[in-house]
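Working through the structure, step by step
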Amino acid sequence: MLPPELYKRRHYGTPQSILLLIANFTVFTVSVSLFASEKHVNSFFWVAMGLLAIYNFFNIRKDREEYNRFRIIAYVLSIAIMIGLFFIFRAKAY
């Protein structure tokens, strides 16, 4: 027989905070590769980053109870990594 606790366990899917980080990195890498070069950053890049910031604001506001200390630290680290990647991608652009 199976233990009764097995049926009480629930899997609610991927947390919204992880999906937000995946969306951030996807939009960021696509927009950097399309709109940023070594000499010029297109204005569409800044529009995409602004829309991403608005999306982040409303998504975090909607799921505020999910963000504990660990997830906030992970989110801030991901923003810092994206800023670093921006400069690395621009330096390596041809």
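Here's a quick rundown of the structure. (Residues numbered from 1 in each chain as written. Predicted model: local features only at pLDDT ≥ 70, side-chain atom pairs only at ≥ 80, totals over all residues. Heavy atoms only, no water.)

**Points about the packing of aromatic side chains**
With the rule as written, the count across this model stands at six aromatic pairs. Pairing W46 with F86 gives two aromatic rings, centres 6.1 Å apart and planes at 55°, and the pair type is tilted. In this pair, W46 is assigned in helix α3 (residues 43-62) and F86 in helix α4 (residues 69-92), connecting sequence segments 40 residues apart. For F86, a relative accessible area of 9% corresponds to the buried category. Aromatic pair F86 and F87: ring centres 5.4 Å apart, planes at 70°, arrangement edge-to-face. Residue F87 is classed as exposed on the basis of its relative accessible area of 52%. Among the aromatic side chains, those forming a connected cluster through ring pairs are F45, W46, F86 and F87. (Phe/Tyr/Trp six-rings, centres within 6.5 Å; stacked < 30°, edge-to-face > 60°. Helix = DSSP H or I, 4+ residues; strand = E, 2+ residues; numbered from the N terminus. Buried < 20%, exposed > 50% of the residue type's maximum accessible area, 1.4 Å probe, protein only.)

**A short note on the side chain of S31**
Structurally, S31 is set in helix α2 (residues 16-35). Within the local environment of S31, its side chain forms a polar contact with the backbone oxygen of F28, the two atoms lying 3.0 Å apart. Apart from the residues lying within four places of it in its own chain, the contact partners of S31 are A36, F45, A48 and M49. (Polar contact = N/O pair within 3.5 Å; in protein donor to acceptor, adjacent residues only side chain to side chain. Contact = heavy atoms within 4.5 Å.)

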